[in-house]
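The lines below spell out each chain.
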Amino acid sequence: MKSSMKLLAAGFALSLGMSLPTVAQEKMNLRLGFETAIDSPQGVGVKEMAKVAEKLSKGKITIEVFPASQLGTGPQMIEMVKKGELDIFQGGAGMFSSMEGRLNVFDIPYLFSSVKQAYKVLDSKFGREMLATLEPHGLKGLSFWENGIRSVTNNVRPITKPEDLAGLKMRVMPANPVHVTLWKMLGTEPTPLPFGEIYGKLKDGSLDGQEHPIAPIYSGKFYEVQKYLSLTRHMYGPLIQVTNLAKFNAMPKAYQDILLKASHAGAVAQRKYSNENETKFIADMKAKGIQINEVSEADSKAFRDKVRPAI
C-alpha cells in the first residue's frame, strides 16, 4: 500500500511539472581547518572557496572555517580527516610525505625557479597524479594551494652562505624526516614543531630560527621575535587541500564537481593575494625592525651544492 501511494505521489508531481527532492538538493555543511590565521593568505583563499561553493550550489553547500590551529596541529587534523571527524584540511605537502613518499619530490631545494613555473606543474596532469597518490590512504586531494618560496629567519646572524647556518637551532616541519635530513646537512640542529608553537619557542629562545615563505612569516608575526630575514628562497612549498575519500565518493557528482571547482578557486585567490602583497609584507617587516638581506643567485649555488648529496 505504501509503495503504491509513493508511486501515485510521484505521478502527481510529474503531472504538475514538479521535480521530486533528490540527494543532490540536500544541504551540506563542511568543516575546514588550517593552521594559519584567518587574515593570512590561506584565510583569503578559504573565504573565496566558501563563497564559490555557496554560489555554485545555490546555498546548498556551506563551509565552516576553523583557522589558527583551533582544531589541532596539522598532523592531527590530517588524522581527523582520515577518520571522518573533519571534512577538509590544507597543509604543507611535507606533512603528507610520511604517508606517501612520492610527495617528497616537493622537498627538493630549488626545484622550481619561480611560482609561475610551480603553478604550471601543480595544475597539470602531473599534479593531479600526485594528488591521487593520497587515495590509498583514505584522502582525496582537492587541489594544490600555496605556501610559497621559503626563506630563513633567525636571531643570530644574517644568512648569506651555508656556513652561516652552522649550529642554529631551527624549527622544521613535523612528520617529515626529509626536512630533518636536509637541515642537518646544512649544519643546523633541526627541531620538528607545529606551526602554532613556533612564535613562542622563538620568543623564549628555545629556537634560533625557522624557515617559511614570506606570507606565513608575516601573518605569523615572526618579525616580532626574529632579528634577521635572509631571502634564501631555497624551496617552493605547496599546500595540499584534502577531504575524506569515502565521504567525497558518497557525494552526488554535482557536489563533487562544485567542491573541486571551489577548491581551485580558493587556491587561485590565495596565490594572487600572496604574490600581490609579498613586496608589501617585506617592506612592512623591515619598517618594524627586522634586518633583511638578499641572497644572490651566485651565492645560492653554494646552498644547492651543499644539499645535492641528499637530493
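Not measured: the values here are computed from a predicted model.

**Topic: the pattern of salt bridges**
Under the criterion given, the structure shown has 14 salt bridges. The partner of E135 in a salt bridge is K140, with the nearest N and O atoms 3.8 Å apart. Its relative accessible area of 16% is what places K140 among the buried residues. The partner of D305 in a salt bridge is R308, with the nearest N and O atoms 4.0 Å apart.

**Overview of the side chain of N147**
By the secondary structure assignment, N147 is in strand 4 (residues 139–154). When its relative accessible area of 12% is taken as the criterion, N147 is described as buried. When neighbours within four sequence positions are excluded, N147 is seen to be in contact with G92, P213, P216, G237, P238 and L239.

**Notes on the packing of aromatic side chains**
By convention here, two paired aromatic rings are described through the distance between centres and the angle between planes. As enumerated under the stated definition, the model contains seven aromatic pairs in all. Taken together, a centroid distance of 4.4 Å and an interplanar angle of 20 degrees make the contact between Y218 and F281 stacked. Taken together, the positions of Y218 in helix 9 (residues 214–219) and F281 in helix 11 (residues 253–287) put the pair 63 residues apart, joining distant regions of the chain. Among the aromatic side chains, those forming a connected cluster through ring pairs are Y218, Y223, Y273 and F281. In this arrangement the basic side chain of R304 is found over the ring face of Y110, its NZ or CZ atom lying 4.3 Å from the centre.

**Quick look at the nonpolar core**
Ranked by internal contacts, the top residues of the largest apolar core, which has 26 residues, are F89, F96, F106, L134, L139, I240 and V242. Of all elements in the fold, only helix 3 (74–83), helix 4 (93–96), helix 5 (115–122), helix 6 (125–132), strand 4 and strand 8 (228–244) reach the threshold of two or more residues within this core. Ignoring any residue separated from it by four or fewer positions in sequence, one finds L134 in contact with F96, M99, E100, L103, L139, I240 and V242. Grouped together as the second largest cluster of nonpolar side chains are 22 residues, V46, I63, L142 and L239 included.

**Brief notes about unusual backbone geometry**
Trans is the common state for peptide bonds, and a negative phi is the common state for residues other than glycine. Here A68, not a glycine, exhibits a phi torsion of approximately 55 degrees, which is positive. By the secondary structure assignment, A68 is in the loop between strand 2 (61–66) and helix 3. Residue class for A68 comes out partly exposed when judged on its relative accessible area of 47%.

**Remarks on the confidence of the model for the protein**
The share of residues in the protein with pLDDT of 70 or more is 92%, and the mean pLDDT across the chain is 91. With pLDDT under 50 throughout, residues 1–24 is counted as low confidence; its partners more than four residues away or in other chains account for eight contacts.

**Digging into the packing of helix 2 (residues 41–56) against helix 11**
The geometry of helix 2 relative to helix 11 is characterised by a closest axis approach of 7 Å and an angle of 145 degrees between their N-to-C directions. Note on packing geometry: the crossing formed by helix 2 with helix 11 is right-handed. On helix 11, the residues that touch P41, Q42, V44, G45, E48, M49, V52, A53 and L56 of helix 2 are I258, L259, K261, A262, S263, A265, G266, A269, Q270, Y273 and S274.

**Examining the pairing of strand 5 (residues 169–172)**
The sheet contact formed by strand 5 and strand 6 (residues 189–192) spans four bridges and is parallel. Residue V172 lies in a different strand from strand 6, and its bridge partner there is P192. Viewed along the sheet, the connection from strand 5 through helix 7 (residues 177–185) into strand 6 turns out right-handed.

**Observations concerning helix 12 (residues 297–307)**
Those residues of helix 12 lying buried are S300, F303 and V307. The arc enclosing the buried residues of helix 12, seen along the axis, measures out at 45 degrees, which places them on a common side.

**Points about the side chain of S230**
When you line up the elements, S230 lands in strand 8. Residue classification places S230 among the buried positions, given a relative accessible area of 0%. At 2.7 Å, the side chain of S230 and the side chain of N293 are in polar contact.

**Observations regarding the environment of E79**
Secondary-structure assignment places E79 in helix 3. Using a relative accessible area of 35% as the deciding quantity, one classes E79 as partly exposed.

**Re the environment of I88**
By secondary structure assignment, the location of I88 is in strand 3 (residues 88–92). The exposure class of I88 is buried, given its relative accessible area of 0%. In contact with I88, not counting residues within four places along its chain, are L30, R31, L32, G33, M49, V81, L142, Q241, V242, T243 and L259.

Parameters at a glance
- Residues numbered from 1 in each chain as written.
- Predicted model: local features only at pLDDT ≥ 70, side-chain atom pairs only at ≥ 80, totals over all residues.
- Heavy atoms only, no water.
- Salt bridge = Lys/Arg side-chain N within 4 Å of Asp/Glu carboxyl O.
- Buried < 20%, exposed > 50% of the residue type's maximum accessible area, 1.4 Å probe, protein only.
- Helix = DSSP H or I, 4+ residues; strand = E, 2+ residues; numbered from the N terminus.
- Contact = heavy atoms within 4.5 Å.
- Phe/Tyr/Trp six-rings, centres within 6.5 Å; stacked < 30°, edge-to-face > 60°.
- Lys NZ or Arg CZ within 6 Å of the ring centre and 35° of its normal.
- Core = buried A, V, L, I, M, F, W, Y, C linked by side-chain atoms within 4.5 Å.
- pLDDT = per-residue confidence, 0-100.
- Axes fitted to C-alpha atoms, helices over the stretch in contact; angles between N-to-C directions.
- Left-handed = near helix turned anticlockwise from the far one by under 90°.
- Pairing = 2+ DSSP bridges.
- Right-handed = clockwise from strand over helix to strand, strands pointing away.
- Arc of directions from axis to C-beta.
- Polar contact = N/O pair within 3.5 Å; in protein donor to acceptor, adjacent residues only side chain to side chain.

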